[in-house]
Amino acid sequence: LLTDATPPDPIVEQLLDPSFEIDPVGTYSTSSQMTNWEVISGEWDLVTSFDGLSPNDGSKFLVGTDTFDTGELRQEIDLVASGFSAERIDMNVMKAYFSIQRANANNELDLGRVRVELLNAADDIISTALATGWEPGSYTHLTLPTTHYV
């Protein structure tokens, strides 16, 4: 969620399809992309359940396949194209709220991370708003609500 702290504007949800509801169940890779998420590397199965796990929100979630050791998804949000002025963004008064869920199954202690990076117009990283680091998990959900001023 993104909100402009002064004056109070309505909260705007910027992330498209955060719970992966648009695309059908199946396998996605760099050669078969999802609608709003870009597969940068690896292969992902979009499923409704997996080894006792179920979606936290919506009816589907992603599972990394055994084909690749690592995988990366990306969604880029252009705040100016979404109606926010560059001048307003540069005033450092906007707040961005992030919350993620991550879990492992089969007692596999694989590593995962979530990064939210703020880019300038040249696609250079100017700030990392959220970086979980590489964390293992086993049958656990990790929720990281955080706030970052844009």
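Residues numbered from 1 in each chain as written. Predicted model: local features only at pLDDT ≥ 70, side-chain atom pairs only at ≥ 80, totals over all residues. Heavy atoms only, no water.

Some words on the overall build of the chain
- In terms of regular secondary structure, the chain is built from 1 helix and 12 strands.
- Sequence-ordered secondary structure for the chain, helices as α and strands as β, is β-β-β-β-β-β-α-β-β-β-β-β-β.
- The buried share of the chain, reckoned over its 150 residues, is 31%.
- Expressed as a percentage of contacts within the chain between residues at least 6 apart in sequence, the contacts between residues at least 24 apart total 53%.
- Summed over its atoms, the accessible surface of the chain is roughly 9,300 Å², and 52% of this surface lies on carbon and sulfur atoms. (Helix = DSSP H or I, 4+ residues; strand = E, 2+ residues; numbered from the N terminus. Buried < 20%, exposed > 50% of the residue type's maximum accessible area, 1.4 Å probe, protein only. Contact = heavy atoms within 4.5 Å. Areas by Shrake-Rupley, 256 points an atom, 1.4 Å probe, with all protein chains shown as cover.)

A short note on the packing of aromatic side chains
- The final tally for this structure, using the stated rule, is 1 aromatic pair.
- Ring geometry for F20 versus W37: centroids 5.2 Å apart, planes at 40°, classification tilted. Of this pair, F20 sits in the loop between β1 (2–4) and β2 (26–29) while W37 is found in the loop between β2 and β3 (38–41), placing the two residues 17 residues apart along the sequence. (Phe/Tyr/Trp six-rings, centres within 6.5 Å; stacked < 30°, edge-to-face > 60°.)

Considerations on the nonpolar core
- In terms of nonpolar packing, the biggest core is built from 8 residues, these being F20, Y28, M34, W37, V39, W44, L46 and L62.
- Apart from residues lying up to four places away in sequence, F20 is in contact with M34, W37, L46, K60, L62 and L73. (Core = buried A, V, L, I, M, F, W, Y, C linked by side-chain atoms within 4.5 Å.)

Here we look at the sheet that holds strand β5 (residues 61–64)
- Strand order in this open sheet of 3 strands is β2-β4-β5, and the pairing throughout is antiparallel. Only two strands of the sheet have a single neighbouring strand rather than two, namely β2 and β5. Between one strand axis and the next, the sheet turns by 35° as a mean value, whatever way the strands run.
- In terms of strand pairing, β2 meets strand β4 (residues 43–47) through 4 bridges, oriented antiparallel. Paired with S29 across the strands is E43, a residue of β4. (Pairing = 2+ DSSP bridges. Axes fitted to C-alpha atoms, helices over the stretch in contact; angles between N-to-C directions.)

With respect to the environment of A129
- Mapped onto the fold, A129 is located in strand β10 (residues 125–131).
- According to the relative accessible area criterion, A129 is buried, its value standing at 11%.
- In the structure, A129 is positioned 33 residues away from A96 in sequence and 8.5 Å away in space, judged by C-alpha atoms.

Regarding the environment of S54
- With respect to the helices, strands and loops of the structure, S54 is situated in the loop between β4 and β5.
- Setting aside its immediate chain neighbours within four residues, S54 contacts T48 and F61.

Points about the side chain of D17
- Among the structural elements, D17 can be located in the loop between β1 and β2.
- Within the local environment of D17, its side chain forms a polar contact with the backbone nitrogen of I22, the two atoms lying 3.2 Å apart. (Polar contact = N/O pair within 3.5 Å; in protein donor to acceptor, adjacent residues only side chain to side chain.)

Some remarks on the pattern of salt bridges
- This model, assessed by the stated rule, comprises 2 salt bridges.
- Between E76 and R74 there is a salt bridge, with its nearest N and O atoms 2.2 Å apart.
- Classification of R74 as partly exposed rests on a relative accessible area of 34%.
- The salt bridge partner of E117 is R115, with a shortest N-O separation of 2.9 Å. (Salt bridge = Lys/Arg side-chain N within 4 Å of Asp/Glu carboxyl O.)

Some details on the confidence of the model for the chain
- Of the residues in the chain, 72% reach a pLDDT of 70 or more, and the chain-wide mean stands at 75.
- Of all helices and strands in the chain, the one with the weakest mean pLDDT is strand β12 (residues 146–149) (50), whereas β2 scores best (92).
- Note that residues 6–11 has pLDDT below 50 and, in this model, 9 contacts with residues that lie over four places away or in other chains. (pLDDT = per-residue confidence, 0-100.)

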